[in-house]
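# Fold and contact review
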Amino acid sequence: MKYISTRGQSPAQSFCEILLGGLAPDGGLYLPETYPHFSDAELAQMRGMTYPELAFAVLSRFATDIPADDLKAIIDKTYTAEVYCNVRAGEDAQDITPLHTLEPGLALLCLSNGPTLAFKDMAMQLLGNLFEYVLAKAGQGINILGATSGDTGSSAEYAMRGKQGVNVFMLSPHGKMSRFQTAQMFSLQDPNIYNIAVKGVFDDCQDIVKAVSNDHAFKQANRIGAVNSINWARVAAQIVYYFKGYFAATTDNSQQVSFTVPSGNFGNVCAGHIARMMGLPIRHLVVATNENDVLDEFFRTGVYRPRGAANTWHTSSPSMDISKASNFERFVFDLVGRDADQVRELWGEVDNGGAFNLNVGGSFANVTEFGFQSGASSHANRMQTIRNVWETYGVMIDTHTADGVKVALEYREAGVPMLVLETALPAKFEDSIREALGRDPVRPAGMEALESLPQRFEVMEADAEAIKGFIVQHTRLGQSH
Ligand SMILES: *Cc1c(COP(=O)(O)O)cnc(C)c1O
């Protein structure tokens with residue numbers, strides 16, 4: 001399997017060749033040359049599989065340059081009941097992503113049982129083990145530099161902690177993350193994890209990452225890498241749980257299900273799109289956004305109009321507060337019939353701060369054929385939904401999942417199970433739960449006293465040169481081999 005760029009001007013590469021990188025050299029995103037397809041007979045065979053077996057069935061079609069035995073060992077080490085153990089009472093940790101039925105035809109696909117209580121662990125944990133494997137083979141190391149306001153950074157740190165050949169330098173805005181998220185990250189004592197609290201806001205952190213990445217000489221000399229949401233392996237890993245959810249909700253392959261996906265950068269729902277292209281009987285993929293509704297606007301009107309940072313709202317579902325959806329280009333590539341010239345033209349507009357309208361050329365009509373629908377929620381909607389789900393089903397959901405449930409209810413159809421992707425646990429967003437329910441969410445065992453653990457972090461000025469100096473000073477790549 002080779003991977004091509006959505007902008008059509010980079011050479012095709014293998015899975016391992018694109019694993020550690022980000023964008024293709026032409027600025028595009030990598031996608032498989034063609035999507036593998038599962039026949040009816042193959043789907044029937046996959047129906048009884050455990051999560052790791054299913055992950056191997058799916059990922060072995062994509063990671064064709066990793067020997068099967070090695071890939072299987074990496075997957076088996078990643079998807080264990082020990083790693084994904086924060087399940088609700090009565091659900092089986094062996095399922096990894098248990099399906100929690102709220103009522104007939106409506107269920108939560110629980111994806112937040114990993115170490116940081118959000119769905120990003122599903123892909124990131126695999127990425128940690130893949131990185132270690134590929135780096136060891138090449139006898140190399142990598143310095144991962146990232147900026148976070150919460151979920152992505154902690155998920156990356158818990159995936160990369162203790163990994164041979166990997167250092168993580170994670171920038172976060174000093175004093176601006178929730179106490180829980182700060183404690184989750186800063187309590188890590190692993191010597192290869194560096195938390196840098198930057199005196200500034202999230203955008204300052206992101207600007208520093210950009211400045212360092214644009215210094216090509218520094219980047220190359222210090223082997224700077226990233227684990228951002230456009231990473232192909234992350235998308236690929238997320239495809240697996242659509243299969244798992246489908247099989248859990250159906251009894252044979254003539255049945256269809258729909259998924260609602262709380263969305264920000266479009267990585268999660270893009271994986272659903274690819275699962276559908278691979279033959280999984282998905283009826284609808286419902287994109288749910290919060291007040292930052294750039295995606296909802298597109299699916300309603302055909303206009304993609306990214307907002308600037310200044311027009312991005314801070315909401316009670318902060319992990320979906322995006323101004324543009326970094327994975328969206330992958331879907332548009334398929335939507336316009338894989339016409340790389342057109343994608344290059346469209347993102348020529350976007351990269352210059354502009355917008356595009358697919359309703360004029362005709363490709364927007366294909367959105368229906370690809371099964372997409374969309375909706376949005378407000379803060380009041382999410383609070384009400386958290387209350388309704390608690391009162392009706394006795395289940396506590398977080399603000400992101402609440403966004404999904406709110407929109408899902410607008411698109412339910414008789415006879416088609418609607419699965420809402422649970423993207424985080426309520427324990428991560430205590431203030432919002434207190435506001436909605438007047439009580440605190442229960443924390444998973446072992447996390448009750450997270451905030452009182454000793455913290456390890458460095459406070460630094462928002463200064464790219466100082467951060468570069470810190471990286472050079474603390475690089476331990478030489479020592480890991
Ligand atoms: C990252 C995240 C999302 C958005 O997922 P995308 O793949 O960026 O669309 C939604 N909810 C939570 C809790 C997240 O952490």
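Throughout what follows, the structure given in this document is the object of discussion. (Residues numbered from 1 in each chain as written. Predicted model: local features only at pLDDT ≥ 70, side-chain atom pairs only at ≥ 80, totals over all residues. Heavy atoms only, no water.)

## Brief notes about the environment of isoleucine 397
Note that isoleucine 397 resides in the loop between α16 (379–393) and α17 (399–411). Considered as a pair, isoleucine 397 and alanine 424 are 27 residues apart in the sequence and their alpha carbons are 8.1 Å apart. Other than its neighbours up to four places away in sequence, isoleucine 397 contacts Leu108, Thr385, Ile386, Val389, Ala402, Val405, Pro426 and Ile433. (Helix = DSSP H or I, 4+ residues; strand = E, 2+ residues; numbered from the N terminus. Contact = heavy atoms within 4.5 Å.)

## Some thoughts on the sheet that holds strand β4 (residues 106–110)
If you walk across this open sheet you meet the six strands as β3-β4-β14-β9-β10-β13, and the pairing is mixed. In this open sheet, the two strands that pair with only one neighbour each are β3 (99–103) and β13 (372–376). Here the strands of the sheet are splayed against their neighbours by 25 degrees on average, with no regard to which way each runs. Where β3 lies against β4, four bridges are found, and the strand directions are antiparallel. Residue pairing for β4: threonine 101 is matched across the bridge by alanine 107. (Pairing = 2+ DSSP bridges. Axes fitted to C-alpha atoms, helices over the stretch in contact; angles between N-to-C directions.)

## Details of the site of the ligand
Looking at the ligand, there are 15 residues lining it, with Lys120, Asp151, Gly264, Asn265 and Thr423 nearest. Classifying every residue of the shell around the ligand gives five nonpolar, eight polar and two charged. (Near = heavy atom within 4 Å. Nonpolar A, V, L, I, M, F, W, Y, C, P; charged D, E, K, R; others polar.)

## What to know about the packing of aromatic side chains
The full count for this structure, using the stated rule, is 31 aromatic pairs. Seen from their ring centres, phenylalanine 299 and phenylalanine 328 are 6.3 Å apart, and the 80 degrees between their planes marks the pair as edge-to-face. Taken as a pair, phenylalanine 299 in helix α12 (residues 294–301) and phenylalanine 328 in helix α13 (residues 328–335) lie far apart in primary sequence, 29 residues in all. Judged on exposure class, the residue phenylalanine 299 and its partner phenylalanine 328 are both buried. Grouped by ring-pair contacts, the aromatic residues Phe266, Phe298, Phe299, Tyr304, Phe328, Phe331, Trp347, Phe356, Phe364, Phe370 and Phe372 constitute a single cluster. Here arginine 338 stacks its cationic end above the ring of tyrosine 35, 4.9 Å away from the centre of that ring. The side chain of lysine 468 reaches across the aromatic face of phenylalanine 218, ending 5.5 Å from its centre. (Phe/Tyr/Trp six-rings, centres within 6.5 Å; stacked < 30°, edge-to-face > 60°. Buried < 20%, exposed > 50% of the residue type's maximum accessible area, 1.4 Å probe, protein only. Lys NZ or Arg CZ within 6 Å of the ring centre and 35° of its normal.)

## Quick word on the sheet that holds strand β5 (residues 142–147)
Strands sit in the order β8-β5-β6-β7-β15 across an open sheet of five strands; the sheet is parallel. The sheet is open, and its two edges are formed by β8 (224–225) and β15 (458–461), each paired on a single side. With six bridges connecting them, strand β6 (residues 166–173) and strand β7 (residues 193–199) associate as parallel partners. Of the residues in β7, the one forming a bridge with proline 173 is valine 198. Sitting on the sheet, helix α19 (residues 464–474) touches β5, β6, β7, β8 and β15, and the angle it makes with β15 is about 140 degrees.

## Points about the side chain of aspartate 151
Within the secondary structure layout, aspartate 151 lies in helix α6 (residues 151–160). Among the polar contacts listed, one links the side chain of aspartate 151 to the side chain of glutamine 181, at a separation of 3.0 Å. For aspartate 151, the contacting residues outside a window of four places in its chain are Ala118, Lys120, Gln181, Ser319, Lys428 and Phe429. (Polar contact = N/O pair within 3.5 Å; in protein donor to acceptor, adjacent residues only side chain to side chain.)

## Some thoughts on helix α4 (residues 68–78)
Residues lying three or four places apart along an α-helix face the same way, a consequence of the helix completing one turn every 3.6 residues. The set of residues buried in α4 consists of Leu71, Ile74, Ile75 and Thr78. Summarising the axial view, the buried residues of α4 lie within an arc of 95 degrees, below the 170-degree limit, and thus occupy one face. Buried positions along α4 lie against α3 (51–59) and α5 (120–138). (Arc of directions from axis to C-beta.)

## Here we look at the side chain of asparagine 290
Its location among the elements puts asparagine 290 in the loop between β10 (282–289) and α12. With relative accessibility at 0%, the residue asparagine 290 sits in the buried group. Of note is the side chain of asparagine 290, whose polar atom sits 2.9 Å from the side chain of serine 317. Sequence-distant contacts of asparagine 290, that is, excluding residues within four places in its chain, are made with Thr315, Ser317, Met320, Asp321, Ala376, Ser377, Arg382 and Asp403.

## Concerning the pattern of salt bridges
One pass over the structure, following the stated rule, counts 25 salt bridges. Close ionic contact of lysine 199 with glutamate 461 constitutes a salt bridge, the shortest N to O distance being 3.1 Å. Separated by 262 residues along the polypeptide, lysine 199 in strand β7 and glutamate 461 in strand β15 bring together distant segments of the chain. Looking at lysine 199, the relative accessible area reads 45%, which means it is partly exposed. In this structure, glutamate 297 engages arginine 305 in a salt bridge whose closest nitrogen and oxygen atoms are separated by 3.2 Å. (Salt bridge = Lys/Arg side-chain N within 4 Å of Asp/Glu carboxyl O.)

## Regarding the pairing of β6
Extensive coverage of β6 is indicated by the burial of eight of its eight residues. The two faces of β6 match: Val166, Val168, Met170 and Ser172 on one face and Asn167, Phe169, Leu171 and Pro173 on the other face are all buried. Chirality of the crossover, the property in question, places the unit of β5, α6 and β6 among those that are right-handed. A crossover connection joins β6 to the parallel β7 through helix α7 (residues 179–186); in handedness this β-α-β unit is right-handed. (Right-handed = clockwise from strand over helix to strand, strands pointing away.)

## What to know about the packing of α6 against α7
Taken N-terminus to C-terminus, the directions of α6 and α7 make an angle of 25 degrees; their axes are 9 Å apart at the nearest point. Relative to α7, the element α6 is oriented roughly parallel. By crossing handedness, the relation of α6 to α7 is classed as left-handed. On the side of α6, the interface is formed by Asp151, Gly153, Ser154, Glu157 and Tyr158, while α7 contributes Gln181, Gln184 and Met185. In terms of residue class, the contact of α6 with α7 is built from two nonpolar, four polar and two charged. (Parallel < 35°, antiparallel > 145°, perpendicular 65-115°, else oblique. Left-handed = near helix turned anticlockwise from the far one by under 90°.)

## Remarks on the environment of proline 441
Among the secondary structure elements, proline 441 is positioned in the loop between α18 (430–437) and β15. Exposure remark for proline 441: the relative accessible area of 6% places this residue in the buried category. Taking the C-alpha atoms as reference, proline 441 lies 9.2 Å from isoleucine 397; in sequence the two are 44 residues apart.

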